[in-house]
Amino acid sequence: MSTLRVRVRRGDAFEEFDVPRRESQTVLDVVTHIQRHLDPTLAYRYACRVGMCGSCAMTVNGAPRWTCRTHVDQVAQGDRLEIGPLRNLPVIRDLVTDMREFFDKWARAQGRFRGRSRRADDFARVAPASAARRLADAGIECIGCGVCYAACDVVAQNPAYLGPAALNRAWTLLNDARDAAQGERLRAVAGDAGCQACHTHLSCTERCPKAISPTAGIAGLKRATLAAALRGEL
Ligand code: SF4
Ligand code: SF4
Ligand code: FES
């Protein structure tokens, strides 16, 4: 069995660990091995281990990734791995970032569904083949992992920028025929920290583990906010 040489970011410094390499080993397996067998004080976060919860994202050899679905064979450079916390977020300890600002931005982008139906109403029928349904479905599988947010250089330069995940969520709801907060949501994403700040770098889209394109959603928001402004609604 060969050995992986793993550098783990801990505060301002890196610590090195030797971890046995195994078949089908994920980056999360490596971190778990270190915490269970080499240093129980290592802090990291995960929950589902199957790509559902979005809590295990870290920086792996320089790029943000979900670690439970990233195999060591995909990312190791020879026998070397470097693991750190996600970029663009405050670090609580070791590999654990504070996600509050990330999710506060979802709230600022009006990222929650606001229905207009009442309990006694029949349920809404949205045709699966409709364009709006297609656009809404394109971004619905977001797991809130923060990978796109960590990949975005505009977030790095402008901490007020709402970022790709919150804007993707706003776009998804904007295309939800049942939602009743469209005007409010467009106003929320139209400001300086909103969709116009995106430089279309595509890093978010390249990195999203769920194959979502926040860039496409943000382009849609740019068009929608411009049209609303021309109608005098913003
Ligand atoms: S496309 Fe926009 S949101 Fe995505 S990484 Fe680039 S600047 Fe950030
Ligand atoms: S859009 Fe993709 S990368 Fe961004 S939070 Fe959602 S799942 Fe993660
Ligand atoms: S542990 Fe849940 S997505 Fe990785």
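Predicted, not measured: the structure shown is a model, and the values here were computed from it.

Definitions and limits used
- Throughout this description, residue numbers start from 1 for each chain and increase along the sequence as written.
- Here chains are named by letter from A upward and ligands by number from 1 upward, in the order in which they appear as written.
- Where local features are concerned, this predicted model is filtered to residues with pLDDT of at least 70; where side-chain atom pairs are given and counted, the filter is 80 or more; whole-chain, interface and lining totals use all residues.
- Each side-chain value is worked out from all heavy atoms of the structure, with water and hydrogens disregarded.
- Strands are treated as partners if at least two bridges between them are detected by DSSP.
- Here a helix means four or more residues in a row that DSSP labels H or I, a strand means two or more in a row labelled E, and each is numbered from the N terminus.
- Fitted lines through C-alpha atoms serve as axes, helices being fitted only where they are in contact, and the angles separating the N-to-C directions of these axes extend from 0 to 180 degrees.
- By convention in these notes, a residue is near a molecule or strand provided one of its non-hydrogen atoms lies within 4 Å of it.
- The nonpolar class holds Ala, Val, Leu, Ile, Met, Phe, Trp, Tyr, Cys and Pro. Asp, Glu, Lys and Arg form the charged class, and all remaining residues, Gly among them, are polar.
- Counted as salt bridges are all cases of a side-chain nitrogen of Lys or Arg within 4 Å of a carboxyl oxygen of Asp or Glu.
- Summary of the burial criterion: residues with accessible area below 20% of their type's maximum are buried, those above 50% are exposed, and those between are partly exposed, where the area comes from a 1.4 Å probe applied to protein chains only.
- Here the limits of each domain have been adopted from an automatic or database domain assignment.
- Pairs of residues are marked as contacts when any of their non-hydrogen atoms sit within 4.5 Å.
- As a working definition, buried area equals the accessible area (1.4 Å probe) given up by two parts on being put together, with both sides summed.
- In protein, a polar contact means a hydrogen-donor-capable atom and an acceptor-capable atom, both N or O and within 3.5 Å, with residues adjacent in sequence counting only if both atoms are side-chain atoms; elsewhere, any N or O pair within 3.5 Å suffices.

### Overview of the pairing of strand β5 (residues 80-84)
- Where strand β1 (residues 3-10) lies against β5, four bridges are found, and the strand directions are parallel. Each bridged residue has a counterpart across the sheet, and for V8 the counterpart in β5 is I83.

### Section: the sheet that holds β1
- Across the sheet, which stays open at both edges, the five strands sit in the order β2-β1-β5-β3-β4 with mixed pairing between neighbours. With one partner strand each, in any of the chains shown, β2 (13-20) and β4 (63-66) form the two edges of the open sheet. Going from strand to strand, the sheet's axes swing by 35° on average, the running direction of each strand aside.
- In this structure, strand β3 (residues 57-60) lies alongside β4, joined through four bridges in antiparallel fashion. Following the sheet pairing, A57 is matched in β4 by W66.

### Side note on the site of ligand 2
- By nearness alone, every residue bordering ligand 2 is listed as C142, I143, G144, C145, G146, V147, C148, A165, C208, P209 and K210.
- In the shell around ligand 2, the residues fall into eight nonpolar, two polar and one charged.

### With respect to the pattern of salt bridges
- According to the stated counting rule, one finds 19 salt bridges in the structure shown.
- Among the salt bridges present, the one from E16 reaches R5, with a minimum N-O distance of 2.8 Å. Placement of the pair is E16 in strand β2 and R5 in strand β1, with a sequence separation of eleven residues.
- Judged by its relative accessible area of 35%, E16 falls in the partly exposed class.
- Notably, a salt bridge pairs R21 with D73, separated by 3.1 Å at the nearest N-O pair. Within this pair, whereas R21 is found in the loop between β2 and α1 (27-38), its partner D73 is found in helix α2 (residues 72-75), the two being separated by 52 residues in sequence.

### Quick look at the domain arrangement of the chain
- Each domain of the chain was delimited in the assignment, giving domain 1 (3-97) and domain 2 (100-230).
- Placing the centre of domain 1 and that of domain 2 at their C-alpha centroids yields a distance of 29 Å.
- Taken together, the contact pairs 13 residues of domain 1 with 16 residues of domain 2.
- Summed over both sides, the interface between domain 1 and domain 2 buries roughly 1200 Å², with carbon and sulfur atoms accounting for 60% of that surface.
- Between domain 1 and domain 2 we count one salt bridge in total.
- Residue R87 pairs with D153 through a salt bridge whose shortest N-O separation is 2.9 Å.
- Taken together, domain 1 and domain 2 are joined by six residue pairs in polar contact (both at pLDDT 80 or more).

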